[in-house]
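A closer look at the structure
What follows is each chain in one-letter form.
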Amino acid sequence: MLKKLSLLFLLFVAFSINAQDDLLDELKQESNENSQYELPAFKAMQIGNLQSTKIADKGDLYLIVAHRFGPFSEGIDEFFGLDGANTKIQFAYSFWDGVQFSLSRDSFEKTYSGSAKIRLKSQSSKFPLNIVAYGSTDITSHLKTQSFPGLEFKDRVSITAQLLASRRISKNVSLLIAPTFVRQNNLQKFLQTGDTNLNQFLVGLGGRVKVSKRMSINADYAINLNKHENSIFTNPLTVGLDIETGGHVFQLVFTNSRASNDSGFLTRTEGKWFNDVAFGFNIVRVF
């Protein structure tokens, strides 16, 4: 009887060990399958002007300084645009994985901004895209009520909502599309620009081509689908070079937009690319 019990015990132990090994192997295999995520499609929060699907990691603080100079066409008197610059200073922080908040101030139209970015899906072996929801609120303060008595606070506010979808096509190429809605501010009635469509629908397009271990060529463009026929504004186009240096990313850009805030560059770009292209840069630093 004792021999039979001992034999049954040994068989049970052997079966348990084998079952545990099978379970661990299954869990390990499942974990590996679930963790086969692609590397981020973009290295910085913005491709140039357009937002990318990059989100700060939990606990990371980013400082972003953006300069946009005047157009080269201003000539030698303005040192080809370098005498005048719009500057944006932005802080971005992530309290939770996949969620980022930021605050900024852009000297273009003296604009204060707040934004949020939420990761909805990451590109993996089971899903082909990175999908991020993005929203921002811009408040311009350059017009004064003394000069425009009918001006109200609500006239200063613009809201931008985007669905950012990107894909890392290969180790060197990434693409992005961004359906966009902008409820632009109502300052146009005071500025008499002829642009009376407050609700703007756009499609943003962007891409990145890696040319070396630390450098890539980036470009983004936004097509306005319902711009007023008498509008003085144009579609923004930006081409640039990203340079990675450890905790910094330097972005050298050439653009027809003077604004760095979302609603500003998307709906109030006045320059034409070949006539009014200007130099600018973004400095991105993580702490």
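Residues numbered from 1 in each chain as written. Predicted model: local features only at pLDDT ≥ 70, side-chain atom pairs only at ≥ 80, totals over all residues. Heavy atoms only, no water.

What about the nonpolar core?
Definition in use: In this text, buried Ala, Val, Leu, Ile, Met, Phe, Trp, Tyr and Cys residues form a nonpolar core when linked through side-chain atoms within 4.5 Å. For each residue, the accessible area found with a 1.4 Å probe, counting protein chains only, is set against the maximum for its type, and the residue is called buried under 20%, exposed over 50%, and partly exposed in between. Strands are runs of DSSP state E lasting at least 2 residues, helices are runs of H or I lasting at least 4, and numbering of each runs from the N terminus. By the convention used here, residues are in contact when the closest approach between their heavy atoms is within 4.5 Å.
Residues Leu164, Leu176 and Leu266 are the most contacted members of the largest nonpolar core, which totals 17 residues. When residues of this core are assigned to their parent elements, the largest contribution, three residues, is made by strand 7 (residues 173-183). Apart from the residues lying within four places of it in its own chain, the contact partners of leucine 266 are Thr160, Gln162, Thr180, Val182, Leu202, Ala222 and Pro236.

A look at the sheet that holds strand 11 (residues 248-255)
Under the convention used in this document: Pairs of strands are assigned from DSSP output, requiring at least two bridges between the strands. Angles shown run from 0 to 180 degrees and are taken between the N-to-C directions of axes, each axis being a line fitted to C-alpha atoms and, for helices, limited to the stretch in contact.
Spatial ordering of the closed barrel is given by 1-2-3-4-5-6-7-8-9-10-11-12, a layout of twelve strands whose pairing is antiparallel. Pairwise comparison of adjacent strand axes, ignoring direction, gives a mean angle of 20 degrees for this sheet.

Quick look at the packing of aromatic side chains
Where we set the bar: Aromatic contacts are taken between Phe, Tyr and Trp rings whose centres are within 6.5 Å, Trp giving its six-membered ring; a plane angle under 30 degrees counts as stacked, one over 60 as edge-to-face, and the others as tilted.
In total, this model carries nine aromatic pairs according to the counting rule given. Consider the rings of phenylalanine 69 and phenylalanine 279, whose centres lie 6.0 Å apart with planes at 5 degrees: the pair is stacked. Of this pair, phenylalanine 69 sits in strand 1 (residues 61-71) while phenylalanine 279 sits in strand 12 (residues 278-286), placing them 210 residues apart in sequence. Given a relative accessible area of 13%, phenylalanine 69 falls into the buried group. Arranged with centres 6.2 Å apart and planes meeting at 55 degrees, the rings of phenylalanine 95 and phenylalanine 101 form a pair that is tilted.

A look at the environment of arginine 183
Among the structural elements, arginine 183 can be located in strand 7. If we ignore the near neighbours within four places in the chain, the residues touching arginine 183 are Val157, Ser158, Ile159, Leu198 and Asn199.

Focus on the environment of leucine 164
By secondary structure assignment, the location of leucine 164 is in strand 6 (residues 157-168). Separated by 45 residues in sequence, leucine 164 and arginine 119 place their C-alpha atoms 9.5 Å apart. With residues up to four places along the chain from it excluded, the contact list for leucine 164 reads Gln51, Ser52, Thr53, Lys117, Asn130, Ile131, Val132, Tyr134, Leu176, Ile177 and Ala178.

Structural notes on a negative patch on the surface
Applicable threshold: Think of a patch as exposed residues, more than 30% relative accessible area, with no salt bridge, where like charges cluster within 9 Å and nonpolar side chains (Val, Leu, Ile, Met, Phe, Trp, Tyr) cluster within 5 Å. Per-residue and other accessible areas follow the Shrake-Rupley method at a 1.4 Å probe size, with only the shown protein chains counted as cover for residues. Criterion for a salt bridge: a side-chain nitrogen of Lys or Arg within 4 Å of a carboxyl oxygen of Asp or Glu. Neither His nor the chain ends contribute to the count of charged residues, in which Lys and Arg are positive and Asp and Glu negative. Charged groups are reduced to one reference atom each: NZ for lysine, CZ for arginine, CG for aspartic acid, CD for glutamic acid.
Together, Glu74, Asp77, Glu78 and Asp83 line one region of the surface with negative charge. Of note, glutamate 74 is situated in the loop between strand 1 and strand 2 (85-96).

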